[in-house]
Every structure is written in structure tokens, then in C-alpha cells.
Amino acid sequence: MNKPRLALLIGIICISIFPVLVKLNFTPGLISAFYRMAIAAALLLPFVLLTRRLHIPPTPILLLAMLSGIFFASDVAVWNIAIQQSTATQASLLTNLAPVWVGVGSYLFLENKPSRNFWIGTVIALMGMVVLVGHEFFLELRFDLAFMFGVLSGIFYAVYILLSKHVLERMSVLSFMTINLLSSSVFLAVVSYLLNEPFSGFSEMGWLVLFVQGILCQLVAWLLLSYATQHMRATRVSLSLLSQALLASFLAWLFLDEQITLRMIAGGLILLFGIGVTFYANDISLRKILGRSRQV
């Protein structure tokens, strides 16, 4: 396993605990998103300044980096609200439709077009998601505010992946993350203030959860994921992030007493197989497969 793939794996593990922490409801969803960004920014900024590793890019790239921070902040904020107002499963499922939007965006705006294997892997992975949560879940979906926020979260996240891929080709990961976190923090602080969200008054456990989110789920996870995005296809990174649903389900079982069934295990295996298809170098062709089977 090369370094970008290892970074992607560890980053996915770090962000998998986030839905469980949010579902604990120790703090409001929007203010939780603010502190996730602000705590990570407060830790990263002194480091890059003292080590002189913060490099400001040309203005167009700087503005795109700031814009990607706003989209990422919006993604986390609406995802938090969707989790708290519905279920972690529903919100995670709708957010994890982001690879579809990334694939469409890559096809329209990027030179590196999604391969046939990406679309095949996407279909298989989404089928795995359906099996994972059960078809009954889709029949019970209601187009309420939480549902709309879940879909919106996936769209925001897809835009962030595409923007960050473009920006990371022109600046370092540390500089990008610093600018990204600062713009995210300022944006969420303004929105939280305008909506009269409480910035204090939380329990000790609430503050502990906020610091875990800021350090582990944001700073550590997204330094690793940004490094992976810099060296891998945006479509491949976004689809690999679907696997966080498996780890989140396990952690929900471990800490929230949610049940893991054989159906969930089967769905998880299908999902991982779909992700594996996107890493296959040669295009998958039904004609070639049938031709080989006839030769055998």
C-alpha cells in the first residue's frame, strides 16, 4: 500500500466516529460544526507560522481555497443538522451520494474523466448501501428538512472535493488546510452569530466531544485525506469515503447499542467490492469476461 492510499485509509477511520459523536447531541449541530473547524484551525495555524510552512498562493488560487472552505463548512453544518433531526443512517446515506455528484462534476469540468470502472464501482457501492440499510428505508424516506439537508450535504461535499483537487495541485496540503480551516471558521462563526447559536455553556462531556471532533475528525483526518486527494483521483477518494459507513455502523453498535445484522454485513461487503472495482487499473468489459469464460 503506497502512502496516499494509507493516508486515505487512516483518514477514513478518523472521520468514521464523527456521526456517532454528533448523534450524542451534546451541542447544537451548527455550533458543533464551528468548533470542529475553529479548534483544528487554532492548532494548525501556530504550527505553520512557527515552521514557516504557510505559503500564500496567487489570488485566484487563494480565493478558490477559501471558497472550498466555505463549501466544506456548509457540508458539515447541514450534515450535523440532518443527523440530529433524523438518523445517522439516513444522513450518512444521503451525504454518501457525493461520489455521483463528483463523477458528474469531473466529467463536466475536469480533464481527468471518470473511467468506466468508476461508474461500475459507483453502481455496485450504492447497491451495497441499499442492502446495508434495507430497501424498507427508502420506502419510508420523507422529503422533510432533514432529508433535504442530507442531499444538500452531499452536493456541498462533492463541490468541495472537486475544488480541493484543483487547488491542491497548485499549493501544499498544510497551506491549503490552514486557509480552508480559517475561512470555514469565520463563515460558521458569522452564521452561528446571526442565528443566535450558543458559543458556551456546554457540559464537560460536550467540550470533550468538540475537541475530539476538532482534533481527530477534522485536523488529523483531513490532513491525511487532503494528502490523498492531492495524489489520487478525486472520484476515487470520494468513493472510498463510502466505506466510512461500515466503520460508523460498527462504532454505533459499540457505543450506541445499535444492532448489526447479517444484511448489514452483506451490504458492507458489496460496498467494499464496489470501491475495489474503482481501484482496478484495466477497464472491466463484459465481452472480455464472457470471452475468457468460453476459452476456459
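Residues numbered from 1 in each chain as written. Predicted model: local features only at pLDDT ≥ 70, side-chain atom pairs only at ≥ 80, totals over all residues. Heavy atoms only, no water.

As annotated in an unreviewed UniProt entry, the protein is Membrane protein from Pontibacter amylolyticus. The heading Subcellular location (unreviewed entry) in the UniProt record of the protein holds the text "Membrane". (UniProt positions renumbered as here; feature names shortened; annotations may be inferred.)

Colleague: Outline the pattern of salt bridges, listing residues and values.
Modeller: Applying the stated criterion to the full structure yields one salt bridge. Among the ionic pairs, R170 bridges to E169, the shortest N-O distance being 3.3 Å. (Salt bridge = Lys/Arg side-chain N within 4 Å of Asp/Glu carboxyl O.)

Colleague: Any chance you could break down unusual backbone geometry for me, citing the residues and the numbers?
Modeller: Peptide bonds are mostly trans, and most non-glycine residues show a negative phi. With a phi angle near 60°, N25 is a residue other than glycine that sits in the positive phi range. N25 gets classed as partly exposed once you look at its relative accessible area, which sits at 43%. The phi torsion at N196 lies on the positive side, around 60°, for a residue other than glycine. Take N196: it is sitting in the loop between α10 (173-194) and α11 (204-231). (Buried < 20%, exposed > 50% of the residue type's maximum accessible area, 1.4 Å probe, protein only. Helix = DSSP H or I, 4+ residues; strand = E, 2+ residues; numbered from the N terminus.)

Colleague: Would you mind going over helix α3 (residues 29-50) in detail, with residue names and values included?
Modeller: Under the 1.5 Å per step criterion, the end-to-end length of α3 is 33 Å for 22 residues, consistent within 8% with the ideal 32 Å. Residue R52 follows α3 closely and has a positive phi angle near 55°. (Expected span 1.5 Å × (residues − 1).)

Colleague: Residues and numbers for the environment of Q230, please.
Modeller: Looking at the secondary structure, you find Q230 in helix α11. On the accessibility criterion, Q230 (24% relative accessible area) is partly exposed. Dropping the residues within four chain positions of it, Q230 is found in contact with K165, L168, M171, S172 and V173. (Contact = heavy atoms within 4.5 Å.)

Colleague: I'd like a description of the packing of aromatic side chains, backed by residues and values.
Modeller: Two measures describe an aromatic ring pair: the distance that separates the ring centres and the angle between the ring planes. One pass over the full model with this rule turns up 12 aromatic pairs. Among the aromatic residues, ring-to-ring pairing joins F34, Y35, F199, F202 and W207 into one connected group. (Phe/Tyr/Trp six-rings, centres within 6.5 Å; stacked < 30°, edge-to-face > 60°.)

Colleague: Quick one: what's the story with the side chain of S175, residue by residue and with numbers?
Modeller: Mapped onto the elements, S175 comes out in helix α10. Overall, the relative accessible area of 1% leaves S175 in the buried class. Separated by 3.0 Å, the side chain of S175 and the backbone nitrogen of H55 make a polar contact. Among the polar contacts listed, one links the side chain of S175 to the side chain of S172, at a separation of 3.0 Å. Those residues in contact with S175, other than ones at most four positions away along the chain, are R53, L54 and H55. (Polar contact = N/O pair within 3.5 Å; in protein donor to acceptor, adjacent residues only side chain to side chain.)

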